[in-house]
Amino acid sequence: MSEDMRYLTFALGKGRLAKKTLELFEQIGITCEEMKDKDSRKLIFVNEEHKLKFFLAKGPDVPTYVEYGAADIGVVGKDTLLEEQRRAYEVLDLGFGKCRMCVCGPVSAKELLKHHEMIRVASKYPNIAKDYFYNKKQQTVDIIKLNGSVELGPIVGLSDVIVDIVETGSTLRENGLDVLEEICPLSARMIVNQVSMKMEAERIKKLIADIKEIL
Ligand code: PRP
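Note that this is a predicted model, so its numbers are computed, not measured.

Cut-offs used in this document
- Residues numbered from 1 in each chain as written.
- Predicted model: local features only at pLDDT ≥ 70, side-chain atom pairs only at ≥ 80, totals over all residues.
- Heavy atoms only, no water.
- Helix = DSSP H or I, 4+ residues; strand = E, 2+ residues; numbered from the N terminus.
- Buried < 20%, exposed > 50% of the residue type's maximum accessible area, 1.4 Å probe, protein only.
- Contact = heavy atoms within 4.5 Å.
- Domains from an automatic or database assignment.
- Buried area = accessible area lost by both parts, 1.4 Å probe.
- Salt bridge = Lys/Arg side-chain N within 4 Å of Asp/Glu carboxyl O.
- Polar contact = N/O pair within 3.5 Å; in protein donor to acceptor, adjacent residues only side chain to side chain.
- Near = heavy atom within 4 Å.
- Areas by Shrake-Rupley, 256 points an atom, 1.4 Å probe, with all protein chains shown as cover.
- Nonpolar A, V, L, I, M, F, W, Y, C, P; charged D, E, K, R; others polar.
- Pairing = 2+ DSSP bridges.
- Axes fitted to C-alpha atoms, helices over the stretch in contact; angles between N-to-C directions.

Caption draft 1: Just the overall build of the chain, in detail. Secondary structure assignment for the chain yields nine helices and eleven strands. Based on the C-alpha atoms only, the size of the chain along its principal axes is roughly 65 × 35 × 30 Å. In the chain, buried positions account for 46% of the 215 residues. In the chain, of all internal contacts separated by at least 6 residues, the share reaching a separation of at least 24 is 68%.

Here it is, written out as structure tokens:
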């Protein structure tokens, strides 16, 4: 590595995806030991050998860091990309973190969806919900933004249905809810800042090729 090479910076969403991402990078010879320390409160990690930096951010902020160039590369769920609508190139489907964005609720709400009634939809993803109901289904609905445990919505009578991620389906099952409609499949994606893609084309393309090989 030449001395004047600049760092390539990665923004990873904290939590489930970060662990899988680091495992993936290990397979192509990129390791960052200190990042694995679960008790650490450190936010940024450096790999001097490969001139790489990694930082952990809240998932929904990852596309923001990448759009502004504070990170060259980001790894984040497709749900977040759809919701945040940031400018960046989506270059790879990493194949893990597979799940589905769905409309869920009690079976009794199925009728409300069929007859295009004015219903209440609770979601952590108001933009995805809006796009689905307004543009795709042409149904006017009342969208209520929540920040988690969205399944509570129909249970406590806040909303008729929810728009949320379904992975194993056990959260729905344990709360007496069902998938009523499927919006789209989701998985972890790699995104690249549009300027970085040109300025660091060689390194980034090599990285993408290396990852593609093991996927
Ligand atoms: C996600 C999602 C569902 C659940 C789906 O929530 O919002 O609640 O996982 O997974 P399952 O189908 O395997 O049960 P998360 O755990 O991220 O927490 P949150 O409810 O606070 O958003």
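Caption draft 2: Here's a closer look at the domain arrangement of the chain. Split into domains, the chain comes out as domain 1 (8–97 + 187–214) and domain 2 (99–185). Distance from the C-alpha centre of domain 1 to the C-alpha centre of domain 2: 30 Å. When domain 1 packs against domain 2, close to 660 Å² is buried across both sides, 49% of that on carbon and sulfur atoms. The tally of links between domain 1 and domain 2 comes to one salt bridge. The salt bridge involving Glu167 is made with Arg16; its shortest N-O contact spans 3.1 Å. Linking domain 1 with domain 2 are five residue pairs in polar contact (both at pLDDT 80 or more). In terms of residue count, helix α3 (residues 78–84) provides more of the side of domain 1 that touches domain 2 than any other element does, three residues in total.

Caption draft 3: Molecular detail of the side chain of Lys78. The topology assignment puts Lys78 in helix α3. Excluding anything up to four places from it in sequence, Lys78 contacts Glu90, Leu186, Ser187 and Arg189.

Caption draft 4: Just the site of the ligand, in detail. Inspection of the region around the ligand gives 13 residues, with Lys124, Glu151, Thr168, Gly169 and Thr171 positioned closest. At 2.5 Å from an oxygen atom of the ligand is found a side-chain nitrogen or oxygen belonging to Lys124. Measuring from an oxygen atom of the ligand, one finds a backbone N or O atom of Glu167 at 2.8 Å. Within the complex, 73% of the 500 Å² of free accessible area of the ligand lies under protein. At the level of elements, β9 (161–166) and α7 (170–174) are the ones that each hand at least two residues to the shell around the ligand. Per-element accounting of the shell around the ligand gives the leading share, three residues, to β9. Its residues placed into classes, the shell around the ligand shows two nonpolar, six polar and five charged.

Caption draft 5: Spotlight on the sheet that holds strand β6 (residues 99–105). In space, the five strands of this open sheet follow the order β8-β7-β9-β6-β10, with mixed pairing throughout. The open sheet is flanked by β8 (142–145) and β10 (178–186), the only strands paired with a single partner. Pairwise comparison of adjacent strand axes, ignoring direction, gives a mean angle of 25 degrees for this sheet.

Caption draft 6: Expanded view of the pattern of salt bridges. Applying the stated criterion to the full structure yields 14 salt bridges. Arg6 serves as the salt-bridge partner of Glu200, at 3.2 Å between the closest nitrogen and oxygen. Within this pair, whereas Glu200 is found in the loop between α8 (194–199) and α9 (201–214), its partner Arg6 is found in the segment before β1 (8–13), the two being separated by 194 residues in sequence. Glu200 gets classed as buried once you look at its relative accessible area, which sits at 15%. Under the relative-accessibility criterion, Arg6 is labelled partly exposed at 37%. Close ionic contact of Arg189 with Asp93 constitutes a salt bridge, the shortest N to O distance being 3.8 Å. Taken as a pair, Arg189 in strand β11 (residues 188–192) and Asp93 in strand β5 (residues 89–93) lie far apart in primary sequence, 96 residues in all. On the accessibility criterion, Arg189 (11% relative accessible area) is buried. Beyond isolated ion pairs, a larger network of salt bridges with shared partners links Arg6, Asp72, Glu200 and Arg203.

Caption draft 7: Structural detail: the sheet that holds strand β3 (residues 52–57). Taken together, the six strands give an open sheet; going across it, the order is β2-β3-β1-β4-β11-β5, and neighbouring strands pair in mixed fashion. Edge positions in the sheet fall to β2 (44–47) and β5, since each of these pairs with one other strand and no more. Going across the sheet, the axis of each strand differs from the next one's by a mean of 25 degrees, ignoring polarity. Pairing geometry for β5 and β11, over four bridges, is antiparallel. Across the sheet, Leu92 pairs through a bridge with Met190, a residue of β11. The sheet contacts of helix α1 (residues 16–27) involve β1, β3, β4 (73–77) and β11, and relative to β1 the element is tilted by about 140 degrees. The sheet strands contacting α9 are β1, β3, β4, β5 and β11, and the helix crosses β5 at an angle near 25 degrees.

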